[in-house]
Every structure is written in structure tokens, then in C-alpha cells.
Amino acid sequence: NRESKGGTVVIEKVRLYIAQHLAEEMTRQDIASHIHLNPAYLSRMFKKETSQSLSDYIIQERLARAKRLLEESNKKIVHIAEEVGYNHFPHFTTMFKKVVGVTPQQYRKQYQELCKWVAIDVMKLKTWSPHRIDPSLLLLYNGVVSKHK
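Treat the numbers as computed from the prediction; the structure is a model and nothing was measured.

Caption draft 1: Structural view of the pattern of salt bridges. The final tally for this structure, using the stated rule, is 2 salt bridges. When the shortest N-O distance is used, the salt bridge between Arg15 and Glu12 registers 3.2 Å. Placement of the pair is Arg15 and Glu12 together in helix H1 (residues 2–20), with a separation of 3 residues, close to one helical turn. Ionic pairing is found between Glu83 and Lys75, a salt bridge with its closest N-O pair at 2.7 Å.

Caption draft 2: Region of the structure containing helix H3 (residues 39–50). Taking 1.5 Å of rise per residue, the 12 residues of H3 would be expected to cover 16 Å, and the 16 Å separating its terminal C-alpha atoms lies within 8% of that figure. Those residues of H3 lying buried are Pro39, Leu42, Ser43, Met45, Phe46 and Thr50. Seen from one end, H3 has its buried residues packed into an arc of 170 degrees, which puts them on one side. Facing away from the buried side of H3, by more than 90 degrees, are the exposed residues Arg44 and Lys48. Just beyond H3, the residue with positive phi is Ser51, at close to 60 degrees.

Caption draft 3: Structural view of the side chain of Ser73. In this fold, Ser73 is placed in the loop between helix H4 (54–72) and helix H5 (77–83). Within the local environment of Ser73, its side chain forms a polar contact with the backbone nitrogen of Lys75, the two atoms lying 3.3 Å apart. When sequence neighbours within four positions are dropped, the list of residues in contact with Ser73 reads Ile80 and Arg108.

Caption draft 4: Expanded view of unusual backbone geometry. A positive phi is found at His36, a non-glycine position, where the angle reads about 65 degrees. Here His36 is to be found in the loop between helix H2 (28–35) and H3. In this model, Ser51 sits at a positive phi of 60 degrees, which is unusual for a non-glycine residue. In this structure, Ser51 sits in the loop between H3 and H4. Note on Ser51: relative accessible area 63%, which makes it exposed.

Caption draft 5: Structural context of helix H6 (residues 89–100). Counted at 1.5 Å a residue, the expected span for H6 with its 12 residues is 16 Å, and the 16 Å between its end C-alpha atoms agrees. For H6, the complete set of buried residues consists of Phe92, Thr93, Met95 and Phe96. Summarising the axial view, the buried residues of H6 lie within an arc of 170 degrees, below the 170-degree limit, and thus occupy one face. Note on H6: the residue one or two positions beyond its end, Gly101, has a positive phi of about 105 degrees.

Caption draft 6: Structural view of the confidence of the model for the protein chain. Residues at a pLDDT of 70 or more form 75% of the protein chain, whose mean pLDDT is 84. Averaged over each element, pLDDT in the protein chain is lowest for helix H8 (residues 135–147) (54) and highest for H5 (97).

Caption draft 7: Examining the packing of aromatic side chains more closely. The final tally for this structure, using the stated rule, is 5 aromatic pairs. Aromatic side chains Tyr86 and Phe92 sit 5.5 Å apart centroid to centroid with 55 degrees between the ring planes, which places their arrangement in the tilted category. Between Phe96 and Tyr107, the aromatic rings sit 5.7 Å apart at their centres with planes inclined by 75 degrees, giving edge-to-face as the arrangement. Here Tyr107 lies in helix H7 (residues 104–128) and Phe96 lies in helix H6, a separation of 11 residues in the sequence. Here Arg62 stacks its cationic end above the ring of Tyr86, 5.8 Å away from the centre of that ring.

Conventions adopted
- Residues numbered from 1 in each chain as written.
- Predicted model: local features only at pLDDT ≥ 70, side-chain atom pairs only at ≥ 80, totals over all residues.
- Heavy atoms only, no water.
- Salt bridge = Lys/Arg side-chain N within 4 Å of Asp/Glu carboxyl O.
- Helix = DSSP H or I, 4+ residues; strand = E, 2+ residues; numbered from the N terminus.
- Expected span 1.5 Å × (residues − 1).
- Buried < 20%, exposed > 50% of the residue type's maximum accessible area, 1.4 Å probe, protein only.
- Arc of directions from axis to C-beta.
- Polar contact = N/O pair within 3.5 Å; in protein donor to acceptor, adjacent residues only side chain to side chain.
- Contact = heavy atoms within 4.5 Å.
- pLDDT = per-residue confidence, 0-100.
- Phe/Tyr/Trp six-rings, centres within 6.5 Å; stacked < 30°, edge-to-face > 60°.
- Lys NZ or Arg CZ within 6 Å of the ring centre and 35° of its normal.

Below is the structure:
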């Protein structure tokens, strides 16, 4: 299926372009120009190959990066918004809440609380029965602890 392989290559180029330009304002036209395709054709191809619109994918990627930054840094949320391409902070907060279900502030707080509880629960397990700890739980614990060192 030659067309599908060609579509896959184009989709990967689109994804790479979006990842590299998340902090910038980008339009369908910008992406299409970079890939050397007609914007309408690119949109149809992207939707056909991924079952997701180009604009939904960009929002998904921006918010995924914002979530990582909220988890892994102490940056001000307004700076995170700018870093993922939202120059209008209220719009970022609205989109984040619409997609994630909580505000960026609530997300960060909930993540930090989860990290504390995971650390406490794992420490209790270690003292209770260290040889019976699920290795994946230890990996999660170690990942949480290393993020907060």
C-alpha cells in the first residue's frame, strides 16, 4: 500500500514540525508550506491517517507538553503557557480545563499531592515487606523521587 506509506512519512514530518514549533503560532498553511502540500489536502490526509484533525492534534500536543512542564518544573504557569504556544493566558487556562478537566494550577497541585502519597505508600510498603514490593511500583516511586530532587 504505497499511498499509506507515503501518508505515514508525511504525517511523521507534520508531527515533527509541530513538535519543533509548539511555542510558535502556527497555521495549517504554515505546516502545509513546510511539507509542500496543499493545506486542504494535508488536513484530509492527516485526518484520514490519524482519525484526528490537525488542530485537535496541535492542542493535544501543546497540552501534553504543558502537563509535563507542570509536573517536572516549578516554572510559573504563565511561562509554561507561552512555552507551549499560548500567548493569551486565559485561553490556555480555558483550553487546559476543557481538555484535562482541571485548571493548570489544580493539575500541578494534584500531581504534587499524588507524588507525596506515592512516596509515603512505598515507604510504608518497604518497612512492611520489602521483598514483596511490585517492581513497577518501585520504578514509579523512583521516577517521582528523581523528579523532585
